[in-house]
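# Topology and contacts: notes
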Amino acid sequence: MAENDRDSNISLFDRHQTLHITESLLSANNEEEVLQKLRGLVTNIKWSPDDVSVLFDALLKRFKSASANNNSHLFNWLMQMLHCIEVNYITSGWRSKSRKTLRELLQDKNVTDEELKECLAKDEEKTLDEIIEEIRCEKLNQVDEKLLKDVKDIVSSVDETLTTHNDGSQQSELKQALRRICEAVQKTAKYRPRLTQMVSWCLMALSSTTGRLIQVGTGEGKSYIVAMFAAFRAMEGDKVDIMSSSSVLAQRDLAEWEEFYKELKISVDCNISKDDAALKKCYECQVVYGTVEEFAGDWLRHHFHRMDIFGKRTFQCAIVDEVDSLMLDKGHHVVYLSSEMPALRHLNPLLAFIWATVNQYSKISGATTAGRKYPFHQVVSEHIKEKNVDEFALLQLAEEAGVLPKGSVREIRREPNLFTVKTAKVTNDNLAEFIRTIETKFPSCQFALHSMSRNGEIKELNKRPQGENGQRRVPLLLMEGGFCKYMYPDKSSRLKAAEEEIRAALRFTPCDLKDSDSLCYIPGFLSDLVQLKLKVWIENAFDAQTMQTGQEYVLETHGIVPVDYKCTGVVENFMQWSDGLHQFLEMKHGFKLNDVTAITNYMSNVSLLQKYGSQIYGMSGTLGQQAETETLQKIYEGIQTCQIPYFVRRKLFEVEGVVAIDANEWVQKICDVVAEQTKTKPYRSQRAVLVICETIKRANTLHRALGDKVPQKTLYVNNNMDNRAIFAKNLGPGDVIIATNLAGRGTDLKVSDSVKMGGGLFVVQTFLPTNARVEAQAFGRAARQGSPGSAQLIVCSSHLPEPLQQLVLTRKLLSVFDEMTNITSFKQYAFGIHFRQYVKSYTDDKRKRLSGLLSHILTEKSDSDIMMAKRLRNDSVDEALSSYSETHIPNMKKKEELFSQYLEVLDGLYKSHNNKPAESDVAALNEFWGMWLLTKFNEKDPVHTLKHSLKEDLNKAMQKLRKGKSPLSNLHNYIIYGSELQKTGKLSESIDMYTKAIKEDHCWAAVAFYNRAFAWLTQQNEHQDPDCINRALEDLQNALKSVELYCKQLKVTSTYGTQQTNDLTRFDHHIAARHTVLESFKANISEAIQKLQRARNRGGYVKVEEKLVFFLTSAEHILPLVLLTIPSVRVTLSRDLLGSHQLISHPLFDVFNELRSLEAQGLTNIYVLDTLFSLSGLFSKIARMVRS
């Protein structure tokens, strides 16, 4: 641009700088829309301001030459052209097939507008040379010239052979293999592999000693590359494991590629939803599709449960789809098989008490919380150190001070429940005045008194410094009616108070039992676990209070289900949180209460993949930047990476992101963008929109907010729903999908041709993802396979992490002041004035001034809020990756090494018993190992220390097992030992085991007493003497007492875990089922006692009839299961794991499941007695009576 033009524009701006720009002038208009489009070229396609200015000038010239002095449609024409440039992602260096620049095409009068648009939209596939050159220029690619030369040689040769239909007999083995594979693809998939796919195949095939991770753009046909490379390795004689990102994708890919493998005579199967026999057959195949969870789970079934699943299959080659997600985002995820540990059910009353206690605490201001409500005299008396001042003495003082009516204390002594009646009219001021009197009378007692107004404002009533000698004033929140609450200024003080309250209710057995509904009795062998985990459980209970449905979890028919909302959006049906968190959420929502579990076996994604050594191959649309690559290479030593170019130029236009100041503005902005994109514009047709939300809850919020503005909208937020309709058709004009990250990674949304003509799919990402890879996956739903598409981030500042929120708010405040002095607004105003003048009558001089002014406006640089947020996010990701490789991975490896050490001991147990050890021994050893991990594993300890400790403890445990003792001194182990012995007819030995269980802890030995009683009776059979009957009677009476403790603790669970609602919840139904089983057990025992007493009184004996434990309850509780027989069979035959899970969680199964739990505790049978008359017994009884 000429210098005099620039000067004239500056002087033009000077003439307008004193103008006052009103709100109406700043409203959206044609000139601003044009300016916004032009600015998008700078910010999003990286044009320089001068290049945009030149482009704008060329556009105005072209319009003038063709318009015949009619400017009425200049705006629409400009918007059409700029929209075409935008959606086709035309850079300033772009050239057409004829090698012309955009400016040259605009100047060419022989090229019509339609031909120009067609030229901009049409792209040729890249040549092999272009692909190789792009790979060479990418700095992060780990390739050398020899490798690129070999790739080019193989691909060019095979491509030529496929084109000329030459048989390729003279080619090398690698070329022949690729040719044969490509021909099989063409024959079965009716598709010729692209050059980029063949290049990807070559890079992996030529990396046989290192492994290779490849970034292949979204929509570029990763499943083709996977199948082609898997076939190659199978042809080489290897067993290939293909790990998909979901079970649905694994089954889909197998179905799509089965004919391809069949054509190449390669056996293939999928390990999803198979029984043991089918799994074993599956792993005999050359290629197996599945998920990392299934492969890890099957390894555990093979090595831990000793099921011969893998046969002779070894870890030879792994091909991982969405490799960054599995190796980085989910690398620390652990797969484990559930292990029954009935003893942990004893923790339920304690967890319920913790939940109830925690719910007494509520946030009242900032970080300050208030605890449960206490009568004022109880609180005050706790803090008076002087002797002989009890609660009633304080009440008497209150009566004398006029706080309580005369005679109140006397009545309260007689009837304590009258306290609330007598204090009903006590105000905060009355109470504050009385407590001040007490502080004067008893100086050791000092309080900081507060009250809460109706609007929630906290006010201190007696402001003054701390007491003398640094004495702490106890903060209290006074309540109307003579009550007060302790106040806790921070998290640690709140946790400490809750812990003290809970410990006061905790008792370890064996001990004297008190008749109290507020005490939690826990078996002594669990005391170490409780002492170690109590604080963690309390913290998790507080966390459960703040967790939200539709965010961290969803409510399904089968229970509380976690959601991986930060990464994949998947509803994880078979996952449970640990350390009581899951149980607290179940109580929060009144769901069936599952028992706490202990992990006895596990396999992390990282450890599974490391078993493949250097034979890991993977693909993803987003491998990430240098930090991610370096982290992967630290974990998987020697592995190499490479980014593959798109087969055709990508046309994703990223609209500049927005950070909304609050939730209302955020919702409005998203609604405006969606409405705008689904509208028909003069310069484009309607588009389809995908809105990706962080949580299900926010997706529902936006779905409601869009309302009638967008009639064609669909929710996609839960993988448990039937979502097939979403993918069954191409998205048409005006279609909107509101989704979570479910619609991100791995989702292929097809759009109609009319949508492509309007600019393609528009993706709105409504939150700042945890890393740039998740963001790129979301944006990757648009602009696939050469089609146009757009994406935009619209973020709410209150949804950002706390530090980012503060920065954004600070910048917003500063921007208000900047606007007052910012000359850019004046320049934009001047641009609008001159644009309108140009439309009225254009001249070359006006055109030059307009273009020059545009260059000045676009040169103004500002760092947007969204860019700043992304930078800070990326910095935190780098730190997290560093922590991941340096802390998380070593800790996982520690556990893996310890698990391997345990497996060796378990192997020894199997070998010493000819691979058929007693089930009770295996269960006891597994339980010991699980408890060892919970109580002894410390991440800070070096691995050699942990291994030495585990070795010593396992040796002691094995010694105890050999002597018939429980490694954990767990009475339930002895009961199970005794039950196994009783089943085989070894009654004396079984009686010894039951006796050991009773000695360990008689309080919980109901099953031991019961089983021992019938062992006595069975042992003597028809020859039962009075001593035998008396022993059996005594045992059954003790069993009845023990069952009563179970019932009382169930009542504790019910009382403290129940929701305050008039409706019966799933929790209530489940508790009722447990109560039914316990009452049935009591009834069986009571009936046996009556019959034994009758036999004793008549000098007779009893006949013992043995039945399965499932006959304990009446038929009415078992018959309803018949109603579920048909769906049960259907689900079993379909191998629907989720369906099976939902079925077994049905309330009709509750009693059955409780009976199974009793069976697991050693009550494998119940007994029914028949009293028989014995003449000799009668004479013996008479003789004893005579002698006495």
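Scroll up to find the structure this text is about.
The paragraphs below set out a description of the structure included in this document.

Along strand E11 (residues 474-479), five of the six residues are buried, which leaves the element largely enclosed by surrounding structure. Both strand E9 (residues 447-452) and E11 contribute to a ladder of four bridges, which runs parallel. Bridged to phenylalanine 447 within E11 is valine 474. Of the strand pairs in this sheet, E11 and strand E12 (residues 483-488) are connected by four bridges, and their pairing is antiparallel. The residue of E12 that forms the bridge with leucine 478 is cysteine 484.

Let's shift gears to the sheet that holds strand E8 (residues 368-375). Reading across the sheet, the six strands line up as E7-E8-E12-E11-E9-E10 and stay open at both edges, with mixed pairing between neighbours. The sheet terminates laterally at strand E7 (362-365) and strand E10 (458-460), the two strands that pair on one side only. When strand polarity is set aside, the average angle formed by the axes of neighbouring strands in this sheet is 40°. Docked against the sheet, helix H21 (residues 428-441) engages E9, E11 and E12, running at close to 145° with respect to E11.

Moving on, we come to a positive patch on the surface. There is a patch of like positive charges on the surface, built from Lys956, Lys960, Lys963, Lys965 and Lys996. Mapped onto the secondary structure, lysine 963 falls in the loop between helix H37 (943-962) and helix H38 (971-983).

By the definition in use, this model includes 38 aromatic pairs. Residues tryptophan 257 and phenylalanine 260 carry aromatic rings whose centres are separated by 5.3 Å and whose planes lie at 85° to one another, so their mutual orientation is edge-to-face. Pair noted here: tryptophan 257 and phenylalanine 260 are both in helix H12 (residues 247-263), with a separation of three residues, about one helical turn. When sorted by exposure, tryptophan 257 lands in the same class as phenylalanine 260, which is buried. Centre to centre, the rings of phenylalanine 310 and phenylalanine 315 are 6.2 Å apart; their planes meet at 65°, and the pair counts as edge-to-face. Seen from the ring of phenylalanine 392, arginine 413 lies directly overhead, with NZ or CZ sitting 4.3 Å from the centre.

Looking at the element boundaries, serine 207 is found in the loop between helix H10 (195-205) and strand E1 (212-215). When its relative accessible area of 3% is taken as the criterion, serine 207 is described as buried. Remark: the alpha-carbon pair of serine 207 and asparagine 874, spanning 667 residues in sequence, is separated by 31 Å. Side-chain polar atoms of serine 207 contact the side chain of arginine 212, separated by 3.1 Å.

All right, on to the pattern of salt bridges then. All told, the structure shown has 62 salt bridges when counted by the stated rule. The partner of aspartate 57 in a salt bridge is arginine 847, and the shortest N-O contact between them spans 2.6 Å. With aspartate 57 in helix H3 (residues 49-67) and arginine 847 in helix H34 (residues 844-859), this pair connects stretches of sequence that are 790 residues apart. Classification of aspartate 57 as buried rests on a relative accessible area of 14%. With a shortest N-O distance of 3.3 Å, arginine 436 and glutamate 433 are connected by a salt bridge. Here glutamate 433 and arginine 436 lie together in helix H21, a separation of three residues that amounts to about one turn. The exposure class assigned to arginine 436 is partly exposed, which follows from its relative accessible area of 28%. Residues joined by salt bridges that share partners form a network here, namely Asp57, Lys61, Lys64, Asp844 and Arg847.

Calculation notes
Residues numbered from 1 in each chain as written. Predicted model: local features only at pLDDT ≥ 70, side-chain atom pairs only at ≥ 80, totals over all residues. Heavy atoms only, no water. Buried < 20%, exposed > 50% of the residue type's maximum accessible area, 1.4 Å probe, protein only. Helix = DSSP H or I, 4+ residues; strand = E, 2+ residues; numbered from the N terminus. Pairing = 2+ DSSP bridges. Axes fitted to C-alpha atoms, helices over the stretch in contact; angles between N-to-C directions. Contact = heavy atoms within 4.5 Å. Patch = residues over 30% accessible without salt bridge, like charges linked within 9 Å, V, L, I, M, F, W, Y side chains within 5 Å. Areas by Shrake-Rupley, 256 points an atom, 1.4 Å probe, with all protein chains shown as cover. Salt bridge = Lys/Arg side-chain N within 4 Å of Asp/Glu carboxyl O. Lys, Arg positive; Asp, Glu negative; His and termini not counted. Charge placed at Lys NZ, Arg CZ, Asp CG, Glu CD. Phe/Tyr/Trp six-rings, centres within 6.5 Å; stacked < 30°, edge-to-face > 60°. Lys NZ or Arg CZ within 6 Å of the ring centre and 35° of its normal. Polar contact = N/O pair within 3.5 Å; in protein donor to acceptor, adjacent residues only side chain to side chain.

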